[in-house]
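# Tertiary structure, described
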Amino acid sequence: MSGEHGANIFKYSEDGKLIDFSSNINPFGPPKGVYENIKENLALITRYPDVNYRKLHTAVSKYLGADEGNISLGNGAMEVIDAIIRLHKKILVFNPCFSEYEKRARMAEKIVIERDLDDNFLPEVNYLPEDLRDTLVIVTSPHNPSGVALTREGFLELYENIERKGGNLLVDEVFYEFAGLDYDLAKEIKNYDSLFVVRATTKFFSLPGLRLGYAISNEKEKIDDIIHTWSISGLLENLGDTIFGDREFVKSSREKLANERERMTDAISKLKGFYPISGRANFILIKTDYDNSLLFEYFLKKGILIRLCDNFKNLGQKYIRIAVKSPDDNDFLLKILKEFIYE
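Residues numbered from 1 in each chain as written. Predicted model: local features only at pLDDT ≥ 70, side-chain atom pairs only at ≥ 80, totals over all residues. Heavy atoms only, no water.

### Considering the overall build of the protein
Note the cut-off: Secondary structure elements are taken from DSSP: a helix is a run of H or I of four residues or more, a strand is a run of E of two residues or more, and numbering for both begins at the N terminus. Just to be clear, the radius of gyration here is over C-alpha atoms, and the globule rule we use is 2.2 Å times residues to the power 0.38. When accessible area is computed with a 1.4 Å probe and restricted to protein chains, residues below 20% of their type maximum are described as buried, those above 50% as exposed, and intermediate ones as partly exposed. None of His or the chain ends enter the tally, which takes Lys and Arg as positive and Asp and Glu as negative. Lys charges are placed at NZ, Arg charges at CZ, Asp charges at CG and Glu charges at CD.
Tallying secondary structure elements over the protein gives eleven helices and 13 strands in all. Its C-alpha atoms give the protein a radius of gyration of 20 Å, within 12% of the compact-globule value 20 Å for 343 residues. Principal-axis analysis of the C-alpha atoms gives the protein an extent of 60 × 55 × 35 Å. For the protein, the proportion of its 343 residues judged to be buried stands at 57%. Across the protein, the 46 positively charged side chains and the 54 negatively charged ones have centroids separated by 2 Å.

In C-alpha cells:
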C-alpha cells in the first residue's frame, strides 16, 4: 500500500463495485444539470477549446467573487500547484501532507524543506526558517489527511510571518467548500501580495474526471505562462455556470455532509480502539489500536475500500482515513467497524 493515493478502486476490484471510502468525493454531486450539459455539448470534443477559456473564467470569477485578472485555470489543482512551485527555488512543506507537493518539487529540481505539524495538525510558525526568500510555503486547509482547518487568526499569523521573512504562501483549499469557514481568501486576494490560493471542482463538485483546478493570486501572468495551452477539456467551456450557479447545491451539500461528519465522528469515538480526529472536510482521520493492514483486508472482504495512511509522513500504520458518504453507506461502514471489533 505504501505510496498510494486514495481512489485506487480498480486495483482491488475489476468491476469497480467496492464502496470507495478512500476517495473524498461529495456523494451528493455533481450539481444538477452537469450530465445534461455535457450531452448537449458533446460536439465540443471535435474542436479545440477557446484558448483563453473566456466563458469559464467568467463563471469561476462570478462564483469566487474574485477578479478574472487574479484567476488561473488548470487541468486539476495539481497543474496550477505545479506551476506555482516552478516559480520558486525552495519549497517548504509541513508533514504529514499530500505527497504530490514534495514529488512535484523534486521533479522540478527544487530544494525541499520539511517541517512537522504540531500535535493538532497545524503549522508551527516558530519552526519556520529565518530566511524565506524565494521560498514557497505550502499548507492545506482543511488539511489533508486530518481535516483540520486554519482559523483566520491562524492564517494571518502564518502569512505575516512568511511575508516578513521574504517568502510566499500557498494555501491549498481543495476542500474549502466543505468547511463552512468564516473567511474567504479568494475574495480577499488583493490584500495579500505573497499569497496563492488553490481550489478545484474535484472534491465538492464531484468532478474528478473533468480535471478543473484554479489558482487565485496576484501572479496570474507568471502562472499562465507555465500552464500548457489547451490543458483543459473543451467540455468545460460551457459548464461553468452549471457547476457554479447552483448555490442551493453548495448550501445543501455542506450542511448534509457536516451533519454526517459529526454523526460519524461521534459514533466512531465510542468504539473501542478507534480515535477519530475532529475536522472540517468530508473525511475523518482515525488513529487505531489495531493492525491496520488486517483492518484494510477485513473491510475489503466486506466490499469497502478504506484509506491506509502509510504514505503520509509521521502517520504510518497508526492511522486510517475514511470518507464521509451517504447516510446508508456510512451506516454500513459503522456496522462493519463493530463487526471487526467483536469478531
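### Things to note about the sheet that holds strand S7 (residues 195-200)
For clarity, the cut-off: Two strands qualify as a pair provided DSSP detects at least 2 bridges between them. Angles shown run from 0 to 180 degrees and are taken between the N-to-C directions of axes, each axis being a line fitted to C-alpha atoms and, for helices, limited to the stretch in contact. Whether two residues are in contact is decided by their heavy atoms, any of which lying within 4.5 Å being enough.
Taken in spatial order, the seven strands make up an open sheet running S2-S8-S7-S6-S5-S3-S4, and their pairing is mixed. The strands lining the two open edges of the sheet, one partner per strand, are strand S2 (71-74) and strand S4 (111-116). In this sheet, neighbouring strand axes are inclined to one another by 20° on average, regardless of whether the strands run parallel or antiparallel. Pairing geometry for strand S5 (residues 135-140) and strand S6 (residues 168-172), over five bridges, is parallel. By the bridge assignment, Leu-136 is partnered in S6 with Asn-168. Against the sheet, helix H2 (residues 54-64) makes contact with S2, S7 and strand S8 (213-217), and its axis sits at roughly 125° relative to S2, the strand it touches most. Packed onto the sheet, helix H5 (residues 152-164) meets S5, S6 and S7 and runs at close to 150° relative to S6.

### Remarks on unusual backbone geometry
Here the bond from Gly-29 into Pro-30 is cis, since omega is 0°, no more than 30 degrees from zero. Residue placement: Pro-30 occurs in the loop between strand S1 (19-20) and helix H1 (34-40). Residues Ser-141 and Pro-142 are joined by a peptide bond in cis, for which omega reads -5°. Note that Pro-142 resides in the loop between S5 and H5. Positive phi outside glycine occurs at Phe-121, with the angle close to 65°. Among the secondary structure elements, Phe-121 is positioned in the loop between S4 and S5. On the basis of relative accessible area, Phe-121 is assigned to the buried category, the value being 10%. Not every positive phi belongs to a glycine, and Arg-211 is a case in point at roughly 55°. Assignment of secondary structure puts Arg-211 in the loop between S7 and S8.

### Regarding the pattern of salt bridges
Our working rule: A pairing counts as a salt bridge when a side-chain nitrogen of Lys or Arg comes within 4 Å of a carboxyl oxygen of Asp or Glu.
This model, assessed by the stated rule, comprises 24 salt bridges. With its nearest N and O atoms 3.8 Å apart, the salt bridge here joins Arg-104 to Asp-82. Placement of the pair is Arg-104 in helix H4 (residues 100-107) and Asp-82 in helix H3 (residues 77-85), with a sequence separation of 22 residues. One salt bridge in this structure joins Asp-266 and Lys-270, with 3.2 Å as the shortest N-O distance. Among the ionic contacts, a cluster of salt bridges with common partners joins Asp-82, Arg-86, Glu-100, Lys-103 and Arg-104.

### A word on a negative patch on the surface
The criterion, for reference: Patches here: salt-bridge-free residues with over 30% relative accessible area, like charges joined within 9 Å, nonpolar side chains (Val, Leu, Ile, Met, Phe, Trp, Tyr) joined within 5 Å. The protein chains shown are the only cover counted for residues, whose accessible areas, like all others here, come from Shrake-Rupley with a 1.4 Å probe.
A cluster of acidic residues, Glu-157, Glu-160, Glu-163 and Asp-193, forms a negative patch on the protein surface. When you line up the elements, Glu-160 lands in helix H5. By relative accessible area, Glu-160 is classed as partly exposed at 48%.

### Comments concerning the packing of aromatic side chains
Rule in force here: Stacked, edge-to-face and tilted labels apply to pairs of Phe, Tyr and Trp rings (six-membered ring for Trp) whose centres lie within 6.5 Å, assigned for plane angles under 30 degrees, over 60, and everything in between, in that order.
Tallied over the entire structure, the rule returns 19 aromatic pairs. A ring pair is formed by Phe-155 and Tyr-159, whose centres lie 5.8 Å apart and whose planes are at 25°; its orientation type is stacked. With Phe-155 and Tyr-159 both in helix H5 and four residues apart, this pair spans about one turn of that helix. With respect to burial, Phe-155 and Tyr-159 carry one shared label: buried. Aromatic side chains Tyr-290 and Phe-340 sit 5.3 Å apart centroid to centroid with 80° between the ring planes, which places their arrangement in the edge-to-face category.

### Concerning the pairing of strand S13 (residues 319-323)
With five of its five residues buried, S13 lies for the most part within the structure. Going residue by residue along S13, you find Tyr-319, Arg-321 and Ala-323 tucked away on one face and Ile-320 and Ile-322 tucked away on the opposite face as well. Sheet topology places strand S10 (residues 283-288) next to S13; five bridges connect them, and they run antiparallel. Pairing of Ile-284 across the sheet is with Ile-322, part of S13. Alignment of strand S12 (residues 307-308) against S13, held across two bridges, turns out to be antiparallel. Paired with Leu-308 across the two strands is Ile-320, which belongs to S13.

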